[in-house]
Amino acid sequence: MSDQQDKPTDPTPPALVLIHGLGATRGVWSGVGAELDWPGPVIVPDLPGHGAAPWQADYTVGALAAAVSADCQPGQEVVIVGHSLGGAVGLCLASGFFRPTVRLVVGLGIKVNWSAEDVAGVAKVAAKGIRWFETEAEAQHRFLLQSGLAAVGAGHPIAETALVDAVATGDGGWRVAQDPMTFAQKALDTAGLVAAATCPVVLGAGSDDQMVAAAELAAYVPQPRMADGRGHNVHVEDPAWVTALLHELVEANGVLDRG
């Protein structure tokens, strides 16, 4: 499920696609949306298995990219900003094998290096299955932990927006709406994804991100963009930084300049 503004799908100007990370929902982009002045359509999907989006059998990066692609028009020019797993999905979409034509992709907080222990760790989380809670508040707290939003707190306005569609109820009580199998991610082929991109690729993160460091990103792009003093959820912690970076990159790459 996605939220696309009621604007023409003419490829001038391009659409902006904002893709959330593992465990989150499209609501995490509400702060960026409030700061943003984008002249074209803005597409903000819930990734499959997250939020209000349906569950499916395949949650590989390619399968997630195909689902996001379905929210775009054939040949539609887009700029993508993705966080964590969403950044990897954005890189995959930039390969040119999907419906939209990607003009620029910005990946924030992508875990670019995966060890065997990392893969085993997320597989273990996936194997635990659905965890039921007696109250909605307990399920919401679990969502905040899984999405990394616990650091900003349940009262944070972006966290409050992200909580919409984040939990569900059933015979077992309350649960996080996310399909546990979304955690069963494989090691990311970052070098392959960056090499396959048909557009400029920019990678960045918060300087205090525990998932990835500037030196790791520098192995794949020449100039990683780091937000001083920010952690993994830089788009939640500092939407203004993300928005300023996006506008800078769009101008530098002539994305909105059609001559």
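Note: the structure precedes this text.
Because the structure is predicted, anything quoted here is derived from the model rather than measured. (Residues numbered from 1 in each chain as written. Predicted model: local features only at pLDDT ≥ 70, side-chain atom pairs only at ≥ 80, totals over all residues. Heavy atoms only, no water.)

Visitor: Hey, could you go over the nonpolar core for me, with residue numbers and the actual values?
Guide: Among the nonpolar cores identified, the biggest contains 37 residues, and Leu-16 and Phe-143 are the most heavily contacted of them. Mapped by element, the contributors of at least two residues to this core are strand E2 (15-19), strand E3 (42-45), strand E4 (77-83), strand E5 (101-108), helix H5 (136-147), helix H6 (157-162), helix H9 (234-237) and helix H10 (239-252). No other element matches H10, which puts five residues into this core. Setting aside its immediate chain neighbours within four residues, Leu-16 contacts Leu-36, Trp-38, Pro-41, Val-42, Ile-43, Val-79, Val-81 and Leu-246. In this structure, Ala-88, Leu-91, Ile-110 and Ala-205 belong to the second largest nonpolar core, which totals 35 residues. (Core = buried A, V, L, I, M, F, W, Y, C linked by side-chain atoms within 4.5 Å. Buried < 20%, exposed > 50% of the residue type's maximum accessible area, 1.4 Å probe, protein only. Helix = DSSP H or I, 4+ residues; strand = E, 2+ residues; numbered from the N terminus. Contact = heavy atoms within 4.5 Å.)

Visitor: How would you summarise helix H3 (residues 85-93) if you had to cite specific residues and measurements?
Guide: Of all nine residues making up H3, nine are buried, and the element is well covered by its neighbours. If you follow the buried residues of H3, they end up packed against E2, helix H2 (61-69), E4, E5, helix H7 (190-196) and strand E8 (201-206).

Visitor: Explain the pairing of E8 to me, using residue names and the numbers behind them.
Guide: The buried count for E8 comes to six of six residues, which makes it a mostly enclosed element. Of the two faces of E8, both are covered, the one formed by Val-201, Leu-203 and Ala-205 as well as the one formed by Val-202, Gly-204 and Gly-206. One ladder, built from four bridges, connects E5 with E8; its direction is parallel. Bridging from a neighbouring strand, Gly-107 pairs with Leu-203 of E8. Judged from the three bridges that link them, E8 and strand E9 (residues 225-227) form a sheet pairing that is parallel. Note on E9: the bridge partner recorded for Gly-204 is Arg-225. (Pairing = 2+ DSSP bridges.)

Visitor: I'd like to hear about the packing of H2 against H3, residue by residue, with values.
Guide: At a minimum axis separation of 9 Å, H2 and H3 run at an interaxial angle of 75 degrees. Classified by the angle their axes make, H2 and H3 are roughly perpendicular. Of the residues in H3, those in contact with Val-61, Gly-62, Leu-64, Ala-65, Val-68 and Ser-69 of H2 are Leu-85, Ala-88, Val-89, Cys-92 and Leu-93. A per-class count over the contact of H2 with H3 returns nine nonpolar, two polar and no charged. (Axes fitted to C-alpha atoms, helices over the stretch in contact; angles between N-to-C directions. Parallel < 35°, antiparallel > 145°, perpendicular 65-115°, else oblique. Nonpolar A, V, L, I, M, F, W, Y, C, P; charged D, E, K, R; others polar.)

Visitor: If you had to explain the pairing of E4 to someone new, which residues and values would you point to?
Guide: The element E4 is largely enclosed, with a buried count of seven among its seven residues. Side chains Glu-77, Val-79, Val-81 and His-83 of E4 all project onto a buried face; the interleaved residues Val-78, Ile-80 and Gly-82 project onto the opposite face, where all are buried too. Across five bridges, E2 lies against E4 in parallel orientation. Bridging from a neighbouring strand, Val-17 pairs with Ile-80 of E4.

Visitor: Residue-level account of unusual backbone geometry, with values.
Guide: Of note in the backbone geometry, Ser-84 takes a positive phi value of approximately 55 degrees without being a glycine. The residue Ser-84 is located in the loop between E4 and H3 in this model. With phi around 70 degrees, Asp-165 is a residue other than glycine that occupies positive phi space. Assignment of secondary structure puts Asp-165 in the loop between H6 and strand E6 (167-170). A relative accessible area of 37% means that Asp-165 is categorised as partly exposed.

Visitor: I'd like to hear about a nonpolar patch on the surface, residue by residue, with values.
Guide: Together, Trp-55, Ile-130 and Trp-132 line one region of the surface with nonpolar side chains, adding up to about 290 Å² of accessible area. Along the polypeptide, Ile-130 turns up in the loop between helix H4 (116-127) and H5. Overall, Ile-130 belongs to the partly exposed group, its relative accessible area being 38%. (Patch = residues over 30% accessible without salt bridge, like charges linked within 9 Å, V, L, I, M, F, W, Y side chains within 5 Å. Areas by Shrake-Rupley, 256 points an atom, 1.4 Å probe, with all protein chains shown as cover. Salt bridge = Lys/Arg side-chain N within 4 Å of Asp/Glu carboxyl O.)

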